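Read off the chains here:
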Amino acid sequence: DAKTTQPPSMDCAEGRAANLPCNHSTISGNEYVYWYRQIHSQGPQYIIHGLKNNETNEMASLIITEDRKSSTLILPHATLRDTAVYYCIVSGDNAGNMLTFGGGTRLMVKP
Amino acid sequence: ETGVTQSPTHLIKTRGQQVTLRCSSQSGHNTVSWYQQALGQGPQFIFQYYREEENGRGNFPPRFSGLQFPNYSSELNVNALELDDSALYLCASSRSSSGSLHEQFFGPGTRLTVL
């Protein structure tokens, strides 16, 4: 599986958009990009995934560059409850069940 | 609909002992994956079970083994415990081992401490 690089930490003001970057320059053609988050003392929570196209759901938007070497997770209106560690994962497992998480980005949403 | 549950929540063992952790998958889910999360690190995939068979394995030694039962619940067994096995063990369930259903639902984890 390809590796990912994320900034270790980021801050965001409450109500503003949080843009979390992820580099995955060695991604292969059949590998998906997944985003999960982990709030303190809880199990990880699925956010979104994509292959080539940009994706949006009720939680977030995922923007994948045309060369697929990087992506950005966008939380459009961050709240204090979005404070968590956000993991970007690349995997060729076609069901997304066998994921190896990296270090993630610790997002702190501030009032 | 109940979520993924794990038991026990905390456990303390000594080196060389054996431990069994349990997971009940979310209703309607037939695939269970187990992860190990050391302090300050991201979860690492241990193995996956689908229809009571191991269906994929990460870079973990054979002393990590598992079972899945007909009701899709699962156990993780670790033999000959080592100090480095101290971690949060997470169970995740999903609806399929293949196809377009990519979302896993994680339980709260079992915190194992090996002394």
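**Let's talk about the overall build of chain B**
For step 1, the next point in the chain: A tally of regular secondary structure across chain B gives zero helices and 11 strands.
For step 2, the next point in the chain: In terms of overall size, chain B behaves like a compact globule, its C-alpha atoms giving a radius of gyration of 13 Å where 115 residues would be expected to give roughly 13 Å.
For step 3, the next point in the chain: C-alpha atoms of chain B, sized along the principal axes, occupy 40 × 25 × 25 Å.
For step 4, the next point in the chain: Taking all 115 residues of chain B together, 50% fall into the buried category.
For step 5, the next point in the chain: Counting contacts in chain B only where the partners sit at least 6 residues apart, residues at least 24 apart contribute 55% of the total.
For step 6, the next point in the chain: Just so you have it, chain B exposes about 5,500 Å², and 48% of that area is on carbon and sulfur atoms.
For step 7, the next point in the chain: If the 8 positive side-chain charges of chain B are averaged to one point and the 9 negative ones to another, these points end up 5 Å apart.

**Focus on the nonpolar core**
For step 1, the next point in the chain: Formed by 21 residues in total, the largest nonpolar core has its most connected members in A:Trp35, A:Leu73, A:Tyr86 and A:Leu107.
For step 2, the next point in the chain: The dominant element in this core, judged by the number of residues it contributes, is strand S8 (residues 84-91) of chain A, at four residues.
For step 3, the next point in the chain: When near neighbours in sequence (up to four residues on either side) are disregarded, A:Tyr86 contacts A:Gln6, A:Leu20, A:Trp35, A:Tyr36, A:Arg37, A:Ile47, A:Leu73, A:Leu75, A:Gly104, A:Thr105 and A:Leu107.
For step 4, the next point in the chain: If you look at the next biggest cluster of nonpolar residues, it comprises 19 residues, including B:Phe60, B:Leu76, B:Tyr89 and B:Leu112.

**Here we look at the interface of chain B and chain A**
For step 1, the next point in the chain: Between chain B and chain A, the residue contacts involve 25 residues of the former and 18 residues of the latter.
For step 2, the next point in the chain: When the area that chain B buries against chain A is broken down by residue, the three leading residues are B:His102, B:Gln104 and B:Phe106, summing to 35%.
For step 3, the next point in the chain: There are zero salt bridges connecting chain B and chain A.
For step 4, the next point in the chain: Counting the contacts that link chain B with chain A gives six residue pairs in polar contact (both at pLDDT 80 or more).

**Brief notes about the environment of A:Thr79**
Residue and element names in this part refer to chain A.
For step 1, the next point in the chain: By secondary structure assignment, the location of Thr79 is in the loop between strand S7 (70-75) and S8.
For step 2, the next point in the chain: Along the backbone, Thr79 and Ala17 are 62 residues apart, and their C-alpha atoms lie at a distance of 9.5 Å.
For step 3, the next point in the chain: When sequence neighbours within four positions are dropped, the list of residues in contact with Thr79 reads Glu14 and Val109.

**Brief notes about the packing of aromatic side chains**
For step 1, the next point in the chain: Considering all chains together, one arrives at 11 aromatic pairs over all chains under this definition.
For step 2, the next point in the chain: Seen in terms of ring centroids, A:Tyr32 and A:Tyr34 are 6.1 Å apart; in terms of plane orientation they differ by 45°. Their pairing is tilted. In this structure, A:Tyr32 and A:Tyr34 share a single accessibility class: buried.
For step 3, the next point in the chain: Aromatic pair A:Tyr36 and A:Phe101: ring centres 5.7 Å apart, planes at 65°, arrangement edge-to-face. Of this pair, A:Tyr36 sits in strand S3 (residues 32-38) while A:Phe101 sits in the loop between S8 and strand S9 (105-110), and the two are 65 residues apart along the sequence.
For step 4, the next point in the chain: Its relative accessible area of 3% is what places A:Phe101 among the buried residues.
For step 5, the next point in the chain: By the ring-pair criterion, three or more aromatic residues cluster together here, those being A:Tyr36, A:Tyr46, A:Tyr87, A:Phe101, B:Tyr35, B:Phe45 and B:Phe106.

Conventions used here
Residues numbered from 1 in each chain as written. Chains lettered and ligands numbered in written order. Predicted model: local features only at pLDDT ≥ 70, side-chain atom pairs only at ≥ 80, totals over all residues. Heavy atoms only, no water. Helix = DSSP H or I, 4+ residues; strand = E, 2+ residues; numbered from the N terminus. Rg over C-alpha atoms; globule rule 2.2 N^0.38 Å. Buried < 20%, exposed > 50% of the residue type's maximum accessible area, 1.4 Å probe, protein only. Contact = heavy atoms within 4.5 Å. Areas by Shrake-Rupley, 256 points an atom, 1.4 Å probe, with all protein chains shown as cover. Lys, Arg positive; Asp, Glu negative; His and termini not counted. Charge placed at Lys NZ, Arg CZ, Asp CG, Glu CD. Core = buried A, V, L, I, M, F, W, Y, C linked by side-chain atoms within 4.5 Å. Buried area = accessible area lost by both parts, 1.4 Å probe. Salt bridge = Lys/Arg side-chain N within 4 Å of Asp/Glu carboxyl O. Polar contact = N/O pair within 3.5 Å; in protein donor to acceptor, adjacent residues only side chain to side chain. Phe/Tyr/Trp six-rings, centres within 6.5 Å; stacked < 30°, edge-to-face > 60°.

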